[in-house]
Amino acid sequence: MKVIRGATTVLRNKTEEVKNATLELFNKVAEENKLDLNKVFYIVFVCTRDIKCANPATLLRQNNEAIKDVPLMCQAHHEYKGALKK
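Please read these numbers as outputs of a predicted model, since none were measured by experiment.

Caption draft 1: A look at the nonpolar core. Counting eight residues, the largest nonpolar core consists of Leu 23, Phe 26, Ile 43, Phe 45, Ala 57, Leu 60, Ile 67 and Val 70. Contributing elements (two or more residues each) for this core: helix 1 (15-32), strand 1 (43-47) and helix 2 (56-63). The contacts of Ile 43, once residues within four sequence positions are left out, are Phe 26, Leu 60, Val 70, Pro 71, Leu 72 and Met 73. Membership of the second largest hydrophobic core comes to seven residues, among which are Val 10, Ala 21, Cys 47 and Ile 51.

Shown next, in the form of structure tokens:
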């Protein structure tokens, strides 16, 4: 089993920006790690609480047929002083 972490940000809380950032990050992680998407157990998304326009997991599911059977989950990031936004 392998765990891979990636991170990205957006400038604005806009669905199109979140979608583009989500897809770009997923595609880059999959490509650079030569992922066999048939062997992915699940994907966890963690978002800062200021991203309210859309759920990145839903956006990925809607835009990538290859992960249609992969469980996706989105959670809220812990807030703390000095934490990165968006």
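Caption draft 2: Spatial organisation of helix 2. Pro 56, Ala 57, Leu 59 and Leu 60 are the residues of helix 2 that are buried. Across the axial projection of helix 2, the buried residues extend over an arc of 165°, all falling on one side. Next to the buried residues of helix 2 lie helix 1, strand 1 and strand 2 (72-76). Where helix 2 starts, the residue carrying a side-chain oxygen 2.8 Å from the main-chain nitrogen of Ala 57 turns out to be Asn 55.

Quick notes on the rules
Residues numbered from 1 in each chain as written. Predicted model: local features only at pLDDT ≥ 70, side-chain atom pairs only at ≥ 80, totals over all residues. Heavy atoms only, no water. Core = buried A, V, L, I, M, F, W, Y, C linked by side-chain atoms within 4.5 Å. Buried < 20%, exposed > 50% of the residue type's maximum accessible area, 1.4 Å probe, protein only. Helix = DSSP H or I, 4+ residues; strand = E, 2+ residues; numbered from the N terminus. Contact = heavy atoms within 4.5 Å. Arc of directions from axis to C-beta. Polar contact = N/O pair within 3.5 Å; in protein donor to acceptor, adjacent residues only side chain to side chain.

Read these as geometric descriptors, not functional statements.
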